[in-house]
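# Per-entry structural report
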Amino acid sequence: MNEPVKTRRVSIWRGEGETGQFETYDVPAYDNQTVLDVVSHIQHYIDPSLSYRFACRVGMCGSCAMMVNGEPRWTCRTHVNKVAGQDVLEIAPLRNLPVIKDLATNMDPFFDKWVKAEAVHHSSASRDEEMMVVLPDDAERKKADAGIECINCAVCYAACDTVAGNADYLGPAALQRAWTLYNDARDAGKQTILEAVSGAGGCHNCHAQGGCSHYCPNELNPMQAIAGLKQATTRAMLKGKL
Amino acid sequence: MLTLRLYMLQRITALLMAPLVLGHIGVMIYAVQGGLSAAEILGRTQGSVFWFSFYGLFVLAVSVHAAIGLRTILHEVTGLSGRLLMFFTWGTALGLSVLGMRAILAVTFLTRGVS
């Protein structure tokens, strides 16, 4: 590791539940330092009581997302130099989710909405039957493939202004997952999915502002998936199926 | 707060309004450029089933469309929901319908105050 040439002043949200405040820490600044490195340094060397969440450190597990200078980021893959303009670095818990302590949010509302959106597999065959052949070039499969690399980090959920204003809104991640399953030949719950995403918190609440697609660290496009659900539900309604 | 039904109603009314807005703008340009007086305009609209239907449909589409849009804004800004939100939606739709239909009737089938 390089010798530190200077320190960087970092503001970190500290507190439990809805109450808290930003506290500042001086952290050694290194080249190629990620935001998660900064948070880990504080917890390891300055204040071990700092709570935050991470696991893989390589952008696979989706557990380290936080608000960095007001924008949702996967902190393990976010270089400080790319986001800390003029040396300002402010790290807060993810938006739109209740805070447990410091930088750790309660992800329950986020995952509960996956279930509400029927973004769960509805099996179409038993283990005794032949495996279904799924061709990668199939048009439906391509639509599903476009969204399956979601790592459940909730960056899109934190970026969504509709979630901020409408607590019932299922959000981009759950709706995108519902869309991938709707296009999955092995899923037997197409009608169930369409019904689940047509309620008061469903896909029709999306204003297509595109925050989800802009901030998705895996460069997925949940807004397009939601548009697909809007189209599919509209067609189903016109056919009298919804 | 938008269900599929409300979403569809808002889209269908938007589809209806697009040609009606163009027609309305066209009528305004024609009336202003041609220098039509109020009496001349009323002379064309009084007793006209066409203009009653044209603007009647317009008013109904606006009432439904605006009520759903305002409902969404109110819910997202203030968090209002449930019955109060339903009353607001219906109140807006009915209020706009009454105001609009009153104006349309005044220039098509009611003659009071027109010389």
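Predicted model, so just to flag it, every value in this text is computed and none were measured.

For the rest of this paragraph, the subject is the overall build of chain A. From N to C terminus, chain A includes ten helices and seven strands. Principal axes of the C-alpha set define a box for chain A whose edges measure 65 × 35 × 30 Å. In chain A, which comprises 242 residues, the share counted as buried stands at 48%. Looking at chain A alone, contacts between residues at least 24 apart form 63% of all its contacts between residues at least 6 apart. Accessible area of chain A: about 12,400 Å², with a carbon and sulfur share of 49%. The average position of the 24 basic charges and that of the 29 acidic charges among the side chains of chain A differ by 4 Å.

The next subject is the environment of T233 of chain A. With respect to the helices and strands, T233 of chain A occurs in helix α10 (residues 222-238). Residues T233 of chain A and I193 of chain A lie 40 residues apart in sequence; the distance between their C-alpha atoms is 9.6 Å. Here T233 of chain A is in contact with L194, V197, S198, C203, H204 and L242 of chain A together with L4 of chain B, once residues within four sequence places are set aside. One polar contact links the side chain of T233 of chain A to the main-chain carbonyl oxygen of K230 of chain A, over a distance of 2.9 Å.

So, on to the nonpolar core. All names here are of chain A. If you look at the biggest cluster of nonpolar residues, it comprises 62 residues, and the most contacted ones within it are I12, L89, I91 and L103. Among the elements that make up this core, the one with the highest residue count is helix α7 (residues 172-182) (seven residues). The residue makeup of this core includes at least three contributed by each of domain 1 (6-105) and domain 2 (108-238). Apart from residues no more than four positions distant in its own chain, L89 is found in contact with R8, R9, V10, S11, V38, V68, N69, V80, V83 and A84.

Next up on the list: the domain arrangement of chain A. Residues and elements named next belong to chain A. We note that the domain assignment places domain 1 (6-105) and domain 2 (108-238) within chain A. Measuring from the centre of the C-alpha atoms in domain 1 to the corresponding centre in domain 2 gives 29 Å. The interface of domain 1 with domain 2 comprises 15 residues on the first partner and 17 residues on the second. Carbon and sulfur atoms make up 64% of the area that domain 1 and domain 2 hide from each other, which totals about 1,200 Å². Joining domain 1 to domain 2, the criterion identifies one salt bridge. Between R95 and D161 there is a salt bridge, and its shortest N-O distance comes to 2.8 Å. Inspection of the region where domain 1 meets domain 2 yields five residue pairs in polar contact (both at pLDDT 80 or more). Put simply, the parts of the chain that give the side of domain 1 that touches domain 2 at least two residues each are β3 (65-68) and β4 (71-74). The dominant element in the side of domain 1 that touches domain 2, judged by the number of residues it contributes, is β4, at four residues. Looking at the side of domain 1 that touches domain 2, its residues break down into nine nonpolar, three polar and three charged.

One pass over the structure, following the stated rule, counts 14 aromatic pairs over all chains. The interplanar angle of 45 degrees and the centroid separation of 6.1 Å between the aromatic rings of F111 of chain A and W114 of chain A together place this pair among those described as tilted. Pair noted here: F111 of chain A and W114 of chain A are both in helix α3 (residues 108-116), with a separation of three residues, about one helical turn. Given the relative accessible area of 35%, F111 of chain A is considered partly exposed. In this structure W114 of chain A comes out as buried when scored by relative accessible area, which is 10%. Members of the aromatic cluster, joined through ring pairs, are F50, W51, F54, Y55 and F58 of chain B. Note that K190 of chain A overlies the ring of Y182 of chain A, its terminal NZ or CZ placed 5.4 Å from the centroid.

Residues and elements named next belong to chain A. A positive phi angle, near 70 degrees, is found at N96, a position not held by glycine. With respect to the helices and strands, the residue N96 is situated in the loop between β5 (89-92) and β6 (99-101). The residue E219 is not glycine, and still its phi comes out positive at about 55 degrees. Topologically, E219 is positioned in the loop between α9 (211-215) and α10. Residue E219 is classed as exposed on the basis of its relative accessible area, which comes to 74%.

We now examine the pairing of strand β2 (residues 21-29) of chain A. Residues and elements named next belong to chain A. In terms of strand pairing, strand β1 (residues 6-14) meets β2 through nine bridges, oriented antiparallel. Counterpart to R14 in the pairing with β2 is Q21. The turn linking β1 back onto β2 is made up of six residues, and G15 within it adopts a positive phi angle of 155 degrees.

Further remarks concern the side chain of T89 of chain B. Residue and element names in this part refer to chain B. Topologically, T89 is positioned in helix α4 (residues 82-108). A residue is classified by how much of its surface remains accessible, and T89, at 10% relative accessible area, is buried. Within the local environment of T89, its side chain forms a polar contact with the side chain of R71, the two groups lying 3.2 Å apart. Leave out the neighbours within four places in its chain, and T89 touches A67 and R71.

So, how was this worked out
- Residues numbered from 1 in each chain as written.
- Chains lettered and ligands numbered in written order.
- Predicted model: local features only at pLDDT ≥ 70, side-chain atom pairs only at ≥ 80, totals over all residues.
- Heavy atoms only, no water.
- Helix = DSSP H or I, 4+ residues; strand = E, 2+ residues; numbered from the N terminus.
- Buried < 20%, exposed > 50% of the residue type's maximum accessible area, 1.4 Å probe, protein only.
- Contact = heavy atoms within 4.5 Å.
- Areas by Shrake-Rupley, 256 points an atom, 1.4 Å probe, with all protein chains shown as cover.
- Lys, Arg positive; Asp, Glu negative; His and termini not counted.
- Charge placed at Lys NZ, Arg CZ, Asp CG, Glu CD.
- Polar contact = N/O pair within 3.5 Å; in protein donor to acceptor, adjacent residues only side chain to side chain.
- Core = buried A, V, L, I, M, F, W, Y, C linked by side-chain atoms within 4.5 Å.
- Domains from an automatic or database assignment.
- Buried area = accessible area lost by both parts, 1.4 Å probe.
- Salt bridge = Lys/Arg side-chain N within 4 Å of Asp/Glu carboxyl O.
- Nonpolar A, V, L, I, M, F, W, Y, C, P; charged D, E, K, R; others polar.
- Phe/Tyr/Trp six-rings, centres within 6.5 Å; stacked < 30°, edge-to-face > 60°.
- Lys NZ or Arg CZ within 6 Å of the ring centre and 35° of its normal.
- Pairing = 2+ DSSP bridges.

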